[in-house]
Amino acid sequence: MSSTINISDAIALLGLSLIFLICRFVYNGIVNPLNKVPGPWYARWTTLGLKLSTLSGRRIHYVHALHQQYGPYVRLSPTEIAVNDAEGFKQVHSCTKPWDKSRWYEVMVQQKKPVFFSMAESGPHGIRRKMFARSFGKSYIRNHWEAKVAHMVNFAIDRFHDEAEGEGVADVLKWLTFMASDISAHLMFGESFHTLETGVKSHFIEVLEKVLMGNVIGSELPILRIIGKRLPIKAVQDVFNPYRLIWQYAQEAVKTMRVRVEKRNIFAEIMARVEKSEQLDDDDVTCEALGLIIAGTDTTAITMTYFIYAVLSQPQIQKSLEAEASNLPEDYSDADIEKLPLINAAIQETLRLYGATNGMLPRMVPAEGAYMSGYYIPGGTTAITQSYSLHRDANVFPDPEKFILERWLPGTTGRYRITNTARSVYSPFGAGSRTCLGIHMAYMAMRYGAAAFLRKCPGATLAPSATAECMEQQNYFLTMPAGHKCEVVL
Ligand code: HEM
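Going by an unreviewed UniProt entry, the protein chain carries the name Cytochrome P450 monooxygenase-like protein and comes from Acrodontium crateriforme. In UniProt, the protein chain has this text filed under Cofactor (unreviewed entry): "heme".

So, in structure tokens, the structure goes:
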């Protein structure tokens, strides 16, 4: 008798679920106000187009092509739109009324506890940001970490130089990734991974690569993650459950943090300020350490790699930058490099065209909904912006695909002058209340990297393997060279 009831209950439940799905399908396809937003016909019914582009590493290109075809507002899926104009960008990333990050971040990051990067709501995020902000400020970073960063950058360029001389060719992406991960480890754990010394990819970097791949696949196809975590196959487990492999490293951050006297890692100082209110426990610190390493390593290495690629692609620009770098004093500082117009213009232009985080930044439209460029966008819709497209709007950045230093040089007038609109959408480090926490660390590492490379490797050229195809931007949340390398010859 009871099994009859169970079966009929199950059938009723199935029926209700089916009705719900049909209603949602009909609502999204026919009634949803988002139907007024232009886009491909299938976007109102399915997420498939978007998911396929994400899983094949082509999402930025897919969304960009849609903007070129349909304009600045595009329907991407039943519940998502992409926004590509200054007005909309300001709404999505407002400083005063920030739209929450979408839940996608939590699904993607999959840490034991929410971290900075993934916290959706502005309230808890604001509290955490306040705790960390001072330790990531420009003068703090310079006072406490500049010597270490300068040393590691110079060491990385020396190692690259030696390999290129010895082997005839060397991969800048490899050496810059070693450099960025050693810097991150030193900052977060108080101890470098020493990959620059060994010249061998550390276990941690290998796991990080899996974290990124597993997280993107898992966020698009959560069912794969659920199954993958349970399958007793190590290779699959490593992709979908990678944190277990690096948790012990991150716990070092907690231990080191306790060595207060020397303030050996960035958390020691943070904790000294927040301890009394006990707002951060050991798991928080461990998760944040992992999150910050992930946020700060590949981003910096990839962007610097594209700097070298872009500069070596144009020998005239390369020559003028080399001349500028050669005039730096022997004991130059970050502040000295910051004064050099050409190198800084080239860094800005690299970030415009090749910033490693130029893909989607999804936000939730607030519950009351919003009007955007005349369209009513219901609450709960995901609105995304991508700087790949914002930075390639020809009305804002003329000749958008060209690497033009003039745009960023002081005193530029005429066609390439940076307008207020250009300034307001220029967002290689995000925007509003969620702007990159590590921006000053990133700029410092890039400035030192640029100066060291230009001074130590004058006349370097791209190897034949550094083709346009190899350097094409592949996008799995981060954007990296599709060939996963950038070889250079001295
Ligand atoms: C060239 C290097 C870098 C680039 C291009 C970059 C880019 C970005 C972007 C675009 C965001 C916004 C993400 C979003 O809104 O979803 C972001 C956030 C963040 N970045 Fe970076 N980043 C870089 C380096 C770093 C470094 C070195 C660190 C740490 C040491 C770091 C830590 C963070 C954190 C914690 C957030 C989250 C901030 C928040 O939500 O309040 N980043 N970054």
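Enquirer: Please provide a residue-by-residue account of the nonpolar core, values included.
Expert: Residues F132 and F453 are the most contacted members of the largest nonpolar core, which totals 128 residues. Per element, the largest residue contribution to this core is 17 residues, and it comes from helix α15 (residues 282-312). If we ignore the near neighbours within four places in the chain, the residues touching F453 are I157, F160, V172, I308, L312, A460 and V488. Ranked by size, the runner-up nonpolar core spans 12 residues in total, among them Y73, I81, W99 and M372.

Enquirer: Could you give an account of the packing of helix α7 (residues 138-167) against helix α8 (residues 172-189), with specific residues and numbers?
Expert: At a closest axis distance of 9 Å, the pairing of α7 and α8 adopts a crossing angle of 155°. Classed by the angle they form, the pair α7 and α8 counts as roughly antiparallel. Taken as a pair, α7 and α8 cross one another with a handedness that is right-handed. In this structure, α7 contributes W145, K148, V149, M152, V153, A156, I157, R159, F160 and E163 to the contact, and α8 contributes V172, K174, W175, L176, M179, D182, I183, H186 and L187.

Enquirer: Before we move on, can you summarise the coordination of the iron atom of the ligand with the specific residues and values?
Expert: Protein coordination of the iron atom of the ligand is limited to a single donor, C436 (SG), which sits 2.3 Å from the metal. Relative to the assigned elements, C436 resides in the loop between α20 (420-425) and α21 (439-456).

Enquirer: Lay out the pairing of strand β1 (residues 73-77) in plain terms, naming residues and giving numbers.
Expert: Counting buried positions over the 5 residues of β1 gives 5, a clear majority of the element. Inspection of the sheet shows β1 paired to strand β2 (residues 80-83) by 4 bridges, in the antiparallel sense. Residue pairing for β2: R75 is matched across the bridge by I81. The loop that links β1 with its antiparallel partner β2 comprises 2 residues.

Enquirer: Explain the layout of surface pockets to me, and be specific about the residues and the numbers.
Expert: Over the atoms, a rolling probe the size of a water molecule traces out where space has been left empty. Here the largest pocket is characterised by a volume of approximately 500 Å³. Lining the largest pocket we find 17 residues, and of these K201, E209, D298, M480 and H484 sit closest to its centre. Going through the elements one at a time, α8, α10 (203-220), α15 and β9 (473-476) are the ones with two or more residues in the lining of the largest pocket. Residues of the lining of the largest pocket, tallied by class, amount to 9 nonpolar, 3 polar and 5 charged.

Enquirer: Mind laying out the domain arrangement of the protein chain, listing which residues take part and the relevant values?
Expert: In many reports, interface size means the accessible area that the parts give up when they come together. Partitioning the protein chain into structural domains gives domain 1 (1-31) and domain 2 (32-489). Taking the mean C-alpha position of each, domain 1 and domain 2 sit 43 Å from one another. Between domain 1 and domain 2, a total of about 620 Å² is buried, with carbon and sulfur atoms accounting for 49% of that surface. Inspection of the domain 1/domain 2 interface yields 0 salt bridges.

Enquirer: Before we move on, can you summarise empty space enclosed by the protein with the specific residues and values?
Expert: Per the stated rule, a full pass over the model turns up 3 cavities of 30 Å³ or more. Roughly 70 Å³ of volume is contained in the second largest cavity. In this structure, the second largest cavity is lined by T54, R59, W104, V216, E220, M360, N475, Y476 and F477. Counting only elements with at least two residues in the lining of the second largest cavity, the list comes to α10 and β9.

Enquirer: An account of the packing of aromatic side chains is needed here, citing residue identities and associated values.
Expert: All chains considered together, the criterion is met by 16 aromatic pairs. Pairing Y309 with Y354 gives two aromatic rings, centres 6.4 Å apart and planes at 75°, and the pair type is edge-to-face. Of the two residues, Y309 is situated in helix α15 and Y354 in helix α18 (residues 341-354); the sequence distance between them amounts to 45 residues. Classification of Y309 by relative accessible area gives buried; the value is 13%.

Enquirer: A description of unusual backbone geometry should follow, citing residues and the corresponding values.
Expert: Phi is positive for S373, which is not a glycine, with a value near 50°. Despite not being glycine, D399 has its phi angle at roughly 50°, a positive value. Along the chain, D399 turns up in the loop between α19 (387-390) and α20.

Reading guide: rules and limits
Throughout, residues of each chain are indexed from 1 in the direction in which the sequence is written. At least 70 in pLDDT is required for a residue's local features to be given in this predicted model, at least 80 for side-chain atom pairs to be given and counted, and no such filter applies to totals for whole chains, interfaces and linings, which use all residues. The side-chain numbers reported here are obtained from all heavy atoms of the structure, hydrogens and water having been left aside. UniProt positions are given in the numbering used here, feature names are shortened, and annotations may be inferred rather than shown by experiment. Here, nonpolar core means buried Ala, Val, Leu, Ile, Met, Phe, Trp, Tyr and Cys residues that are tied together by side-chain atoms lying within 4.5 Å of each other. Only protein chains enter the accessibility calculation, which uses a 1.4 Å probe; a residue whose area is less than 20% of its type maximum is buried, one above 50% is exposed, and one in between is partly exposed. Secondary structure counts use DSSP, requiring at least four H or I residues in a row for a helix and at least two E residues in a row for a strand, with both numbered from the N terminus. Here, residues are in contact when the closest pair of their heavy atoms is within 4.5 Å. The convention used is that axes are lines fitted to C-alpha atoms, helices contributing only their stretch in contact, and that angles between N-to-C directions extend from 0 to 180 degrees. We call two directions roughly parallel when the angle between them is under 35 degrees, roughly antiparallel when it is over 145, roughly perpendicular when it lies between 65 and 115, and oblique otherwise. In this scheme the handedness of a crossing depends on how the near helix is turned from the far one: anticlockwise by less than a right angle means left-handed, clockwise means right-handed. With water omitted from the atoms examined, metal sites may look incomplete; donors here are N, O and S atoms no farther than 2.8 Å from the metal, or 3.2 Å in the case of Na, K and Ca. Following DSSP output, two strands are said to pair if at least two bridges run between them. Here the term cavity refers to a set of points on a 1 Å grid, laid over the protein atoms alone, in which a 1.4 Å probe fits but cannot get out; the term pocket refers to an open set having protein on both sides within 12 Å along at least five of seven lines, with lining residues being those that place an atom within 4 Å of a point. Grid points are joined across faces, edges and corners, and a volume is the space filled by probe spheres set on the points. Gly is placed with the polar residues, together with every amino acid not listed as nonpolar (Ala, Val, Leu, Ile, Met, Phe, Trp, Tyr, Cys and Pro) or charged (Asp, Glu, Lys and Arg). Just so you know, the domain bounds were taken from an automatic or database domain assignment. Buried area is a sum: the accessible area each of two parts loses on coming together, probed at 1.4 Å, counted once for each and added. We define a salt bridge as a side-chain nitrogen of Lys or Arg found within 4 Å of a carboxyl oxygen belonging to Asp or Glu. A pair of aromatic rings is counted whenever rings of Phe, Tyr or Trp (Trp by its six-membered ring) have centres within 6.5 Å, and the orientation is called stacked for planes under 30 degrees apart, edge-to-face for over 60 and tilted otherwise.

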